[in-house]
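Summary of structural features
The residues making up each chain are set out below.
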Amino acid sequence: MFQLIVRKRKFDGHIKSEWESDKLPSLVEDWLVVLHHPERHRKSTGGIIESESLLFLHCFSTVQPLVVLLEYDLCGRFRGAKCDAALPATVEGQVIDFIDLDLDVIVEPDLSSFVRDEDTFARNRERMGYPEVVVQQARAGIALAQTLVASRRFPFEARLVPLLDAAVRRSSE
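Treat the numbers as computed from the prediction; the structure is a model and nothing was measured. (Residues numbered from 1 in each chain as written. Predicted model: local features only at pLDDT ≥ 70, side-chain atom pairs only at ≥ 80, totals over all residues. Heavy atoms only, no water.)

**Things to note about the packing of helix α1 (residues 118–128) against helix α2 (residues 132–151)**
Here is the rule: Fitted lines through C-alpha atoms give the axes, limited to the stretch in contact for helices. The angle between two N-to-C directions lies from 0 to 180 degrees. Numbering of helices and strands starts at the N terminus; helices are DSSP runs of H or I of at least 4 residues and strands are runs of E of at least 2. Oblique is the label for any angle not under 35 degrees, not over 145, and not in the 65 to 115 range, which are roughly parallel, roughly antiparallel and roughly perpendicular in turn. By the definition used in this description, the sense in which the near helix is turned from the far one sets the handedness, with an anticlockwise turn below a right angle giving left-handed and a clockwise turn giving right-handed. Contact definition: two residues touch when any of their heavy atoms are within 4.5 Å. Residues were grouped as follows: Ala, Val, Leu, Ile, Met, Phe, Trp, Tyr, Cys and Pro as nonpolar; Asp, Glu, Lys and Arg as charged; and all remaining residues, including Gly, as polar.
Remark: α1 packs on α2, axes separated minimally by 12 Å, with the N-to-C direction vectors making an angle of 165 degrees. Classified by the interaxial angle, the pair formed by α1 and α2 is roughly antiparallel. For α1 against α2, the interelement crossing comes out right-handed. Across from E118, F121 and R125 in α1, the residues of α2 making contact are E132, V135, A138 and R139. Per-class residue counts for the contact of α1 with α2 are 3 nonpolar, no polar and 4 charged.

Structure follows, in structure tokens:
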């Protein structure tokens, strides 16, 4: 594993959030997986360091318009997920960048889900001038997230459990 920085940007280019993370082994082609551990990694939003108490596995598609943030407590119990409609993630050196397109699928611990932030998407679409292709990608990202959750496909299936278990063990050593 090695240290990376994850940057969540808005369509106008400004950085909304930034996380330190460790890259984990790739499990699925065209997806990157990183770990954010509250005891080892910092997160900042708007330049302000935030205190975290959860483990996060962040899954980035490099070809699909989707980023998934899975939340776990420090014992490794799933607490939910947020699926961001986003332009495909890019990697340059030690930095993973993605452009958040406002729409989210929120996934509860029982894997029920709902779409959030339609109003924010509509406002930012107008304010930032999203081209029609970006609007289509945002909608496609939400549809993909709903399909992955409903079908229990990556990252909503068991292949991440060993990675998470190893991260929890390392934190208690």
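There's more to say after this.
**Brief notes about the layout of surface pockets**
Unfilled space is identified by rolling a water-sized probe across the atoms. Heads up, the condition is: Note on definitions: the grid is 1 Å and covers protein atoms alone; a cavity is a set of points where a 1.4 Å probe fits but cannot get out; a pocket is an open set with protein on both sides within 12 Å along at least five of seven lines; lining residues have an atom within 4 Å of a point. Grid points are joined across faces, edges and corners, and a volume is the space filled by probe spheres set on the points.
Quantified by volume, the largest pocket comes out at close to 150 Å³. Together, 13 residues line the largest pocket, and Y72, F78, P155, E157 and V161 are the ones closest to its centre. Taken together, the elements giving at least two residues each to the lining of the largest pocket come down to β7 (66–72) and α3 (161–172). With 3 residues, the top contributor of residues to the lining of the largest pocket is α3. Considered class by class, the residues forming the lining of the largest pocket number 10 nonpolar, 1 polar and 2 charged.

**As for the pairing of β7**
Basically, it comes down to this: For the exposure calls, accessible area comes from a 1.4 Å probe over protein chains only, and a residue counts as buried if that area is under 20% of its type's maximum, exposed if over 50%, partly exposed in between. Strands are treated as partners if at least two bridges between them are detected by DSSP.
Of all the 7 residues making up β7, 6 are buried; the element is thus mostly covered by neighbouring parts of the structure. Note: strand β6 (residues 55–61) against β7, 6 bridges, orientation antiparallel. Bridging across to β7, C59 finds its partner in V68. Count of turn residues in the β6/β7 antiparallel hairpin: 4 residues.

**Observations concerning the packing of aromatic side chains**
Centre-to-centre distance and the angle between the planes together describe a pair of aromatic rings. Our working rule: Pairing of aromatic rings covers Phe, Tyr and Trp, the last through its six-membered ring, and needs centres within 6.5 Å; plane angles under 30 degrees mean stacked, over 60 mean edge-to-face, and all others mean tilted.
A complete count under the given rule lists 5 aromatic pairs for this structure. Judged by centre distance (5.7 Å) and plane angle (55 degrees), the ring pair of F60 and F98 falls under tilted. Of the two residues, F60 is situated in strand β6 and F98 in strand β10 (residues 95–107); the sequence distance between them amounts to 38 residues.

**Comments concerning the pattern of salt bridges**
Defined as follows: The salt bridge criterion pairs a side-chain nitrogen of Lys or Arg with a carboxyl oxygen of Asp or Glu, the two atoms within 4 Å.
Counted according to the given criterion, the structure contains 13 salt bridges. R139 is paired through a salt bridge with E118; the nearest N and O atoms lie 3.1 Å apart. In this pair, R139 is assigned in helix α2 and E118 in helix α1, connecting sequence segments 21 residues apart. Here the salt bridges share partners, and the residues they tie into one network are K8, K82 and D84.

**Points about α1**
Inclusion rule: What the arc covers is the set of directions going from the helix axis to the C-beta atoms.
Every buried residue of α1 is accounted for by F121, N124 and M128. The arc that holds every buried residue of α1, seen down its axis, measures 75 degrees, which confines them to one face. Structural note: α1 exposes R123, E126 and R127 on the side pointing more than 90 degrees away from its buried face. The elements touched by buried residues of α1 are β10 and α2. Just downstream of α1 lies G129, where phi reads positive at about 70 degrees.

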